[in-house]
Amino acid sequence: MFGAGNEGRPGGRRARLRRAAALALVGAVLTGAAACGGDDKSDGGKGGQENGADGKAPASSPATEPGDSAGSGGTGALSQRDLTALAFTDDEKIGKYTAGEFTLGAPLGEDYTADPATCQPLVSLAKGATAFDPASEVHRNVDVAEEMLGTTVAVQLRSYNGDGAAGVMKALATAGRECAGGFVENRAVAKGQYLKVEPVKAPGYGDEAQAYRFTILDVKGTLKLYEYLTVVRSGTTTLSFRADITDTKDIGKVPDEVITAQWKKFEAGSKG
């Protein structure tokens, strides 16, 4: 989406060029849509409701060594090498979509904060953003290369020590309930207003899954924009899919083929 969803959100090589051209064409019609993030890296931007009495996240066991894998009942995180092997590769084709690496660093980092902080899991699950820090994470951008204003999906795999992944899902469910009526997303120079958070049908993959539809108001307060988030947990790992479009169009959901392809690759690699 324009502005709120994409301003400050780095994309892949194709997405960056495509969006630059799109903005040149449409000007400032939808400048600064609602998915903005804040510069606040204090504890106020973390999901404190999931912390212990001392305000700290639950203790975690050591990560697995490179090459090791944690099963659905394991307590160790996947290594960065293993997680990378389970993610989409650069230029991998998924139907009409193409995967690529983010060129400007990981999207939706800890600089994106929510007010109230309970809503933070709906904004970002990156290291430093919530009470549960992933031991390893991999980020991929998925889009249609030839579509200037097409759908873009941020696919992010994160693996946790101990019960971190389950804790993330619990915090996400809490945010989905308590933030249904909306919240504010902050970033250094802008704010975005989420008008509504609605649960939608989640895929039947993994140990558990959640999916949400966001209605977001652009910074001018005139246009409604739509974004979708789906998160699947398998053991100590989460697979997150955030989809938006450079338009006011409602895309209806995260594309099924993207979720299915990534899940099948993850599942096959995990068993292997």
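Residues numbered from 1 in each chain as written. Predicted model: local features only at pLDDT ≥ 70, side-chain atom pairs only at ≥ 80, totals over all residues. Heavy atoms only, no water.

Undergrad: Give me the lowdown on empty space enclosed by the protein, citing residues and values where you can.
TA: Vacant regions in the atomic arrangement are exposed by a probe of water-molecule size rolled over the atoms. All chains considered together, the criterion is met by two cavities of 30 Å³ or more. A volume near 60 Å³ is recorded for the second largest cavity. Here the lining of the second largest cavity is built from residues that sort into six nonpolar, three polar and two charged. (1 Å grid on protein atoms, 1.4 Å probe; cavity = no way out; pocket = protein on both sides within 12 Å on 5 of 7 lines; lining within 4 Å. Points joined across faces, edges and corners; volume = space filled by probe spheres on them. Nonpolar A, V, L, I, M, F, W, Y, C, P; charged D, E, K, R; others polar.)

Undergrad: Got a sec to walk through the pattern of salt bridges? Specific residues and values, please.
TA: For the structure shown, the criterion picks out nine salt bridges. Residue Asp 256 is joined to Lys 253 by a salt bridge in which the shortest nitrogen-to-oxygen separation is 2.6 Å. Its relative accessible area of 42% is what places Lys 253 among the partly exposed residues. Each of Glu 198, Arg 213 and Asp 250 takes part in a single network of salt bridges with overlapping partners. (Salt bridge = Lys/Arg side-chain N within 4 Å of Asp/Glu carboxyl O. Buried < 20%, exposed > 50% of the residue type's maximum accessible area, 1.4 Å probe, protein only.)

Undergrad: Pulling in residues and values, what's your account of the packing of aromatic side chains?
TA: Following the criterion strictly, the structure yields four aromatic pairs and no others. Centre to centre, the rings of Phe 183 and Tyr 194 are 4.3 Å apart; their planes meet at 20°, and the pair counts as stacked. With Phe 183 in strand β6 (residues 183–187) and Tyr 194 in strand β7 (residues 190–199), this residue pair connects regions lying eleven residues apart in the sequence. For the pair formed by Phe 183 and Tyr 194, the shared burial category is buried. Note on Tyr 205 and Trp 263: the rings are 5.6 Å apart at their centroids and 10° apart in plane angle, and the pair reads as stacked. With a gap of 58 residues between them, Tyr 205 in the loop between β7 and β8 (208–217) and Trp 263 in helix α5 (residues 256–271) connect regions that are remote in the sequence. What links up through ring pairs into an aromatic cluster is the set Phe 183, Tyr 194 and Phe 214. (Phe/Tyr/Trp six-rings, centres within 6.5 Å; stacked < 30°, edge-to-face > 60°. Helix = DSSP H or I, 4+ residues; strand = E, 2+ residues; numbered from the N terminus.)

Undergrad: Can you break down the sheet that holds strand β2 (residues 97–101) residue by residue, with the values?
TA: Across the sheet, ten strands lie side by side as β1-β2-β4-β5-β10-β9-β8-β7-β6-β3; this open sheet has antiparallel pairing. Of all the strands in the sheet, just β1 (93–94) and β3 (113–115) have a single pairing partner and so form its edges. Sheet analysis places β6 next to β7, joined by five bridges and oriented antiparallel. Considered in β7, the bridge of Arg 187 is made with Ala 190. Contacts from helix α4 (residues 164–178) reach β7, β8, β9 (224–234) and β10 (237–245), with the element oriented near 40° to β8. Sheet strands touched by α5: β1, β2, β4 (136–143), β5 (151–159), β9 and β10. Its angle to β10, the strand with the most contacts, is close to 160°. (Pairing = 2+ DSSP bridges. Contact = heavy atoms within 4.5 Å. Axes fitted to C-alpha atoms, helices over the stretch in contact; angles between N-to-C directions.)

Undergrad: An account of the state of the cysteines is needed here, citing residue identities and associated values.
TA: Tallied over the entire structure, the rule returns one disulfide. Each sulfur of the disulfide joining Cys 119 and Cys 179 lies 1.9 Å from the other. Disulfide Cys 119-Cys 179: torsion about the S-S bond near -100°, hence left-handed. Taken together, the positions of Cys 119 in the loop between β3 and α3 (120–123) and Cys 179 in the loop between α4 and β6 put the pair 60 residues apart, joining distant regions of the chain. No difference in accessibility class separates Cys 119 from Cys 179, as the two residues are buried. (Disulfide = S-S within 2.5 Å.)

Undergrad: Outline the environment of Glu 92, listing residues and values.
TA: Assignment of secondary structure puts Glu 92 in the loop between α2 (80–86) and β1. Judged by its relative accessible area of 21%, Glu 92 is partly exposed. For the pair formed by Glu 92 and Val 142, sequence separation is 50 residues and the distance between their alpha carbons is 9.2 Å. There is a polar contact of 2.8 Å between the side chain of Glu 92 and the side chain of Lys 265. (Polar contact = N/O pair within 3.5 Å; in protein donor to acceptor, adjacent residues only side chain to side chain.)

Undergrad: Just give me the short version of the side chain of Asn 161, but keep the residues and values in it.
TA: Within the element layout of this structure, Asn 161 appears in the loop between β5 and α4. In this structure the side chain of Asn 161 is engaged in a polar contact, spanning 3.3 Å, whose partner is the backbone nitrogen of Ala 77.

Undergrad: Would you mind going over α4 in detail, with residue names and values included?
TA: Along its 15 residues, α4 runs 21 Å from first to last C-alpha, staying within 8% of the 21 Å computed at 1.5 Å per residue. Regarding α4, the residues found buried are Gly 164, Ala 165, Gly 167, Val 168, Met 169, Ala 171, Leu 172, Thr 174, Ala 175 and Gly 176. (Expected span 1.5 Å × (residues − 1).)

Undergrad: Account for the pairing of β10, with residues named and values stated.
TA: By the criterion of burial, β10 is predominantly enclosed, with nine of the nine residues buried. Residues Thr 237, Leu 239, Phe 241, Ala 243 and Ile 245 line one face of β10 and the alternating positions Thr 238, Ser 240, Arg 242 and Asp 244 line the opposite face, and both faces are buried. In terms of strand pairing, β5 meets β10 through nine bridges, oriented antiparallel. Its bridge partner being in β10, Thr 152 is matched across the sheet by Asp 244. Bridge count between β9 and β10: seven bridges; the pairing is antiparallel. Bridging from a neighbouring strand, Val 232 pairs with Leu 239 of β10.

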